[in-house]
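Report on the structure
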Amino acid sequence: MAEPGVETRTRSSVITARAAATFDPVGRSVATARAFVRDTLQGWGYSEVVDDAVVLTSELVTNAVIHAGTSADVLCLRLGDSVRIEVGDRYPEREVPIQAAGHSFGNLDSENGRGLMLCSALASRWGVEYTPTNKQVWFQLDLPQRPVGTRSAGPVLPTAMLPVADERVRVAVTQIDRAGAISVWNEDAEHVFGYAAEQVIGKPLADLAAWPQTPGIGTGFAEALQLSRWEGSYGIRGTDGRVIPVYASHLRVRDSRGEPSTVCLLVRDEERAVLQTPQRVPVSESGTESHSTDPFEVFIGSPAPDDLDGLLQRTVERARDMLDGDAAFLLLATDDETELEVRASTGLPSARQRFARVPVEAGTGRYGSARMPAVHDDLTAVPGAVPLLSSTGMRSVVTVPLKVEGRLTGSLGVAAESPGRYSNEEALRLQFAADRIALAVESARLGELERLRRGSLSFLVEASDLLAGTLDRDQTLALMAQMTVPTLATWCAVYTIADPASDPYLSFVLHEDEDRIDGLKALLSKIAPPEPVTTPGARVWGAPSEAAQKAAVLASRQELGLGVTSPVSPGIGTTLATAAAVGGETVVLPLVARNRVIGMLTLGKPSDDHFRQEILELAEDLSRRAALALDNARLYSERVSISQSLQRSLLPPESPAIPGVEVEVIYRAAGEGNEVGGDFYDVFPIRDGAYGFAIGDVCGTGPEAAAVTGLARHALRLLAREGFGGPAVLERLNAAILDEGARSRFLTLLYGELWPQEDGSALLKVVCAGHPLPLRLRPDGTVEPAAEPQPLLGVIEDLELYEQMVTLDPGDVLLCVTDGITERREGTRMLGDEGLAEVLRHCTGLTAGAVAARVLRAVERFAAEPASDDMAILAMRIPQPQKS
């Protein structure tokens, strides 16, 4: 078969050399293909186009071996004035995107979109060719037209277009020693700046320099002097104090003793053409200069990803390809610039490393800071210099800082598995690339932070609303966990502390996978809880991960029969799943309310995962709100418990069994958490054959009214058992209420005494002091009042009350209620005395319990809204004799 693609070249050229290789469909083949192309072109002396050729080859080979899943054939052809590279795969039916008017590449992150787009941006010519068995993408890179033996050359220009210079061009030469001081100052430097050599030698060059920061470059003046090579503009203050703009070229050298120094060549800025390196300009097919290309877009690709993660991932991939590395990584600095957070990597276990943190200052010597470019020839000689690469197999690495306006915003690194791969030249190339992307990365990062800030505020507002909506302790614990999982963490555990002398107690556990909750709870129950501290912020807790790993090892050994006899878990599957669930980072945040630690909020990630700083800060804000809500729920629960205990003490004991009389009582206190209110009842024995009963209503509801009910109920029992009759009992109770002074309350009361008779009837003496009248139901359905109204208690001192005699015959029912029954409302309607009588009229033949239940049901159905007043129902019935 003929050489692929050669016959269809767009212009005839003589092939002077060729090299071909085939790469298997595995990920490692991409790096091998890059090395093959780089070595081939450098061997041909085509170093000017090596970078572009390697980037394009990397994309096209990736498409073939990764996305198409076939082997890749790479053919390099050396032509007279260009180089042509063809990449073929065995998947010919793939779609070819077309770049023309009205067309686009579609998804630029698809298998072939980015590679062809880069061909369009970087190559002089490119194309796609199909055969029955494969598809080939080729690109051609033209060489600059330069005279042999020269590094660069420009065209012949008319005299009027030549750069302007003085009659004598003076090049100031100064040499800067290791400490940054001037050690050499030539005659041209004396002439240009006015300083004699003895005036400046020994002084730092920075004292004379006015450093305006070259646009787009984040390097400082002192840092520029440390680079292997630097070129740009700044100013030197002359003897008259004026700043003289200069164009400088710095070269870092080493003398015979190994001492480093920097040689600086300086000319006046208008004479920069003397020193300035010519910029490489793309050449179109016609030989004229093409339109300028944005260096950022050439490096990243156009259009650039609009999200931060996509931009960072594209950056590390391009950086790796540019330096022919095996791995690359990018870290972003925290706000205080003390730590770097891993945000993107390629060729490394990114899932394990993502969001991991490393200090900015690390290692020793010149590699000790992320604020300067650094080259490591062999990481084994400097252990821990780049913590991210520990145990990854990488030997050499080059790292450069990302800076915006002199502020460290991140670090970009490229690593290789072989030692000694990189030099200062590669560091300079990578630094220039980092300077091009730093502003875009910082802009995208600030955009992400703004979105996170908005989302965090929304999250905290919603969390505050939910936490404020409940005073139930258990519900508050559940809400705390549900708000953190899975929004902030994979799993969550809440420990509570009852009092300062108590140990933390595991109160709630939640995992985003419900099948993992039981195993997680069992694991946490076996280990000591975290130490409660008041120090704010999240702290790492390694106990769960360590315990899970030990349990997994023991379970595995037991499963393999390696001598482990004691059971360690219900099954190896559950144990290993739990170990994976808690194998990542675990942090503990204190729950502090009212200057006391009331618990701990524990958040965890799955295996080898880490928390982002923004997430931890959000969790800290949530923990403060949750702690206050949990403490409020605790205080409310204690208050309700105390209140209910006191209220239960005011309730009467069980009603006594009265021979020949059915008695039923129903009581409903208004208000949440109230067991006793302003209404009360009592049925009690006075002496043999005599029983007292009462039902009353204190003005108002709640605990204040309940206090008066306790006074009334206990006074009634005491006075009745002392032998006082009904009027005397109520008159003395009236005096006791008035003695309360400002705390006294109005009281309506129905009091009676009952004597069962031998003929099956019952004799009653009744006093109705301002209370709704008792109703008597006869077996024929007749309903009538059983007493007359008299003045209520707690208003006037001198009361003249009297009692009325009532006889209940067999089959009769006596119904006593409070005004919460008769004053039940629905809009403008009220049940009233007549409505109650009508309900009672339909209760003939029912037991006392059935009568009370029917009355309550009728009252509840009368209105849809919950009752706003206490309700009490006392029903007594004389049963009819059984027929023989």
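Preceding this section is the structure that the text describes.
What you are looking at is a predicted structure, and each value in this text was computed from that prediction instead of being measured. (Residues numbered from 1 in each chain as written. Predicted model: local features only at pLDDT ≥ 70, side-chain atom pairs only at ≥ 80, totals over all residues. Heavy atoms only, no water.)

Things to note about the overall build of the chain
We apply this condition: Every helix listed is a DSSP run of H or I at least four residues long, and every strand listed is a run of E at least two residues long, numbered separately from the N terminus. The buried label applies to any residue whose accessible area, calculated with a 1.4 Å probe on protein chains only, is under 20% of its type's maximum; exposed applies above 50%, and partly exposed to all values in between. Any pair of residues with heavy atoms lying within 4.5 Å of one another is described as a contacting pair. Accessible surface is estimated by sampling points in the Shrake-Rupley manner with a 1.4 Å probe; for residues, cover comes only from the protein chains shown.
Regarding its fold elements, the chain presents 20 helices and 34 strands. When the 884 residues of the chain are sorted by exposure, 48% land in the buried category. When contacts within the chain are restricted to residue pairs at least 6 apart in sequence, those whose partners lie at least 24 apart make up 61%. For the chain, the accessible surface area stands at approximately 42300 Å², while carbon and sulfur atoms represent 52% of it.

So, the pattern of salt bridges
Rule in force here: Salt bridges are identified by distance alone: a Lys or Arg side-chain nitrogen within 4 Å of an Asp or Glu carboxyl oxygen.
Here the structure, examined in full by the defined rule, presents 32 salt bridges. In this structure, aspartate 321 and arginine 34 form a salt bridge, with 3.1 Å as the shortest nitrogen-oxygen distance. Residue aspartate 321 is found in helix H8 (residues 308–322), and its partner arginine 34 is found in helix H1 (residues 28–43); the two are separated by 287 residues along the sequence. Both residues of the pair, aspartate 321 and arginine 34, count as buried. Here glutamate 784 ties to arginine 778 by a salt bridge, and the two come within 3.2 Å at their closest N and O atoms. Overall, the relative accessible area of 25% leaves arginine 778 in the partly exposed class. A cluster of three or more residues bridged by salt bridges with shared partners is formed by Arg34, Arg38, Arg320, Asp321 and Asp324.

Some words on the packing of H1 against helix H2 (residues 50–68)
The geometry of a pair of packed helices is captured by two quantities: the angle between their axes and the separation between those axes. Our working rule: Every angle, taken between N-to-C directions, lies between 0 and 180 degrees, and every axis is a line fitted to C-alpha atoms, over only the stretch in contact when it is a helix. Any angle that is under 35 degrees is reported as roughly parallel, and any over 145 degrees as roughly antiparallel; angles of 65 to 115 degrees are reported as roughly perpendicular and all others as oblique. Take the far helix as your reference; a near helix turned counterclockwise from it by less than a right angle gives a left-handed crossing, and one turned clockwise gives a right-handed crossing. Charged residues are taken to be Asp, Glu, Lys and Arg, nonpolar residues to be Ala, Val, Leu, Ile, Met, Phe, Trp, Tyr, Cys and Pro, and polar residues to be all remaining types, Gly included.
Across the interface, H1 lies against H2 with an axial gap of 9 Å and an inter-helix angle of 150°. Classified by the interaxial angle, the pair formed by H1 and H2 is roughly antiparallel. Handedness of the crossing formed by H1 with H2: right-handed. Mapping the contact onto sequence places Ser29, Val30, Ala33, Arg34, Val37, Arg38, Leu41 and Gln42 in H1 and Val50, Asp51, Ala53, Val54, Thr57, Ser58, Val61, Thr62 and Val65 in H2. Partitioned by chemical class, the residues of the contact of H1 with H2 number 9 nonpolar, 5 polar and 3 charged.

Focus: the packing of aromatic side chains
How two aromatic rings sit relative to each other is set out by the distance from centre to centre and by the angle between their planes. The condition that has to hold: Classification of ring pairs uses Phe, Tyr and Trp, with its six-membered ring standing for Trp, and accepts pairs whose centres are within 6.5 Å; under 30 degrees between planes counts as stacked, over 60 as edge-to-face, and the remaining range as tilted. Placement of a charge over a ring requires the Lys NZ or Arg CZ to be within 6 Å of the ring centre, with the centre-to-atom vector within 35 degrees of the ring normal.
Using the criterion set out here, one finds 4 aromatic pairs in the structure. Residues tyrosine 667 and tyrosine 681 carry aromatic rings whose centres are separated by 6.0 Å and whose planes lie at 50° to one another, so their mutual orientation is tilted. Of the two residues, tyrosine 667 is situated in strand E23 (residues 662–668) and tyrosine 681 in strand E24 (residues 679–687); the sequence distance between them amounts to 14 residues. The same class applies to tyrosine 667 and to tyrosine 681, which are both buried. In this arrangement the basic side chain of arginine 84 is found over the ring face of tryptophan 138, its NZ or CZ atom lying 4.0 Å from the centre. Lying across the ring of phenylalanine 862, arginine 829 places its NZ or CZ 4.4 Å from the centre.

Structural notes on the nonpolar core
Note on soluble globular proteins: their nonpolar side chains tend to be buried together. Inclusion rule: Residue types Ala, Val, Leu, Ile, Met, Phe, Trp, Tyr and Cys, when buried and joined through side-chain atoms within 4.5 Å, form a set referred to as a nonpolar core.
Ranked by internal contacts, the top residues of the largest apolar core, which has 35 residues, are Leu41, Val74, Ile85 and Phe139. Counting residues per element, the ones that place at least two in this core are strand E1 (17–23), H1, H2, strand E2 (72–78), strand E3 (82–89), helix H3 (113–122) and strand E5 (135–142). At 9 residues, H2 tops the list of elements feeding residues into this core. Those residues in contact with isoleucine 85 that sit more than four places away from it in its chain are Val37, Leu41, Ala53, Thr57, Val74, Leu75, Cys76, Val137, Trp138 and Phe139. Membership of the second largest hydrophobic core comes to 32 residues, among which are Met483, Leu589, Ile598 and Phe611.

Looking at the sheet that holds E2
Defined as follows: Strands are treated as partners if at least two bridges between them are detected by DSSP.
Taken in spatial order, the 5 strands line up as E1-E2-E3-E5-E4 in an open sheet, and their pairing is antiparallel. Unpaired on one side and paired on the other, E1 and strand E4 (125–130) mark the two borders of the sheet. This sheet shows a mean twist of 15° between the axes of neighbouring strands, independent of strand direction. As paired elements, E2 and E3 share 6 bridges and run antiparallel to each other. Note on E3: the bridge partner recorded for arginine 78 is valine 83. Sheet strands touched by H1: E1, E2 and E3. Its angle to E1, the strand with the most contacts, is close to 170°.

Overview of a negative patch on the surface
To keep it simple, the criterion reads: Patch construction takes residues with relative accessible area above 30% that form no salt bridge. Like charges are linked within 9 Å, and nonpolar side chains (Val, Leu, Ile, Met, Phe, Trp, Tyr) are linked within 5 Å. By the counting scheme adopted, Arg and Lys are positive, Glu and Asp are negative, and His together with the chain ends is not counted. Note that the charge is assigned to NZ on lysines, CZ on arginines, CG on aspartates and CD on glutamates.
There is a patch of like negative charges on the surface, built from Asp739, Glu797, Asp798 and Glu800. In this fold, glutamate 800 is placed in the loop between strand E29 (783–785) and strand E30 (804–808). By relative accessible area, which is 75% here, glutamate 800 ends up exposed.

Concerning the environment of arginine 717
Which entries qualify depends on this criterion: In protein, a polar contact requires one atom able to donate a hydrogen and another able to accept it; more generally it is a pair of N or O atoms within 3.5 Å, and residues adjacent in sequence count only if both atoms are side-chain atoms.
By the secondary structure assignment, arginine 717 is in helix H16 (residues 702–721). Along the backbone, arginine 717 and valine 729 are 12 residues apart, and their C-alpha atoms lie at a distance of 9.2 Å. In this structure the side chain of arginine 717 is engaged in a polar contact, spanning 2.7 Å, whose partner is the side chain of aspartate 682.

Section: the sheet that holds strand E28 (residues 775–777)
Overall, antiparallel pairing links the 5 strands, which are arranged E23-E34-E31-E28-E29 in an open sheet. The open sheet terminates on both sides in strands that have one partner only, identified here as E23 and E29. Pairs of neighbouring strands in the sheet enclose a mean axial angle of 20°, with direction left out of account. For E28 and strand E31 (residues 813–817), the ladder comprises 3 bridges, and the chain directions are antiparallel. Paired with leucine 775 across the strands is leucine 815, a residue of E31. Relative to E28, helix H19 (residues 832–841) is tilted by about 25°, and along the sheet it contacts E28, E29 and E31.

Overview of helix H11 (residues 473–484)
Note the following rule: Working rule for helices: expected span equals 1.5 Å times residues minus one.
Relative to the 16 Å expected for 12 residues at 1.5 Å per residue, H11 spans 17 Å between its end C-alpha atoms, a close match to the ideal helical length. Considered for burial, the residues of H11 that qualify are Thr476, Leu477, Ala478, Leu479, Met480, Ala481, Met483 and Thr484. For H11, the side-chain oxygen to backbone nitrogen distance between the N-cap and aspartate 474 is 3.2 Å, and the N-cap itself is aspartate 472.

A word on a nonpolar patch on the surface
On the surface, a nonpolar cluster with roughly 290 Å² of combined accessible area is contributed by Leu157, Met161 and Leu162. Among the secondary structure elements, leucine 157 is positioned in the loop between E5 and strand E6 (172–176).

Observations concerning the environment of alanine 440
Summarising the element assignment, alanine 440 is placed in helix H10 (residues 424–468). For alanine 440, a relative accessible area of 25% translates into the label partly exposed. When the C-alpha positions of alanine 440 and leucine 311 are compared, they lie 8.7 Å apart, and in sequence the two are 129 residues distant.

Looking at the side chain of aspartate 142
Structurally, aspartate 142 can be placed in strand E5. When its relative accessible area of 18% is taken as the criterion, aspartate 142 is described as buried. Side-chain polar atoms of aspartate 142 contact the side chain of arginine 125, separated by 2.9 Å.

Re unusual backbone geometry
With an omega dihedral of 0°, the bond running from valine 485 to proline 486 counts as a cis peptide bond. Mapped onto the secondary structure, proline 486 falls in the loop between H11 and strand E18 (491–496). Not every positive phi belongs to a glycine, and arginine 594 is a case in point at roughly 55°. Judged by relative accessible area, which is 49%, arginine 594 ranks as partly exposed. At asparagine 595, a residue that is not glycine, the phi angle is positive and equals roughly 65°.

Topic: the pairing of E6
Both faces of the sheet carry side chains from a regular strand, because those side chains alternate between them. Across the two faces of E6 the burial differs, with Ala172, Thr174 and Ile176 buried and Val173 and Gln175 not buried at all. Summarising the sheet, E6 and strand E11 (residues 260–268) pair through 5 bridges and their orientation is antiparallel. Looking at the pairing, threonine 174 lines up with cysteine 264 of E11. Pairing analysis gives 3 bridges linking E6 to strand E7 (residues 182–185), with the strands arranged antiparallel. Residue threonine 174 lies in a different strand from E7, and its bridge partner there is tryptophan 185. With antiparallel pairing between neighbouring strands as the criterion, E6 and E7 make up a hairpin whose turn holds 5 residues, including glycine 180 at a positive phi of roughly 90°.

Side note on the side chain of aspartate 324
Tracing the backbone through its elements, the reader meets aspartate 324 in the loop between H8 and strand E12 (327–333). Aspartate 324 has contacts with Ala31, Arg34, Ala35, Arg38, Arg421 and Tyr422, leaving out every residue within four places of it along the chain.

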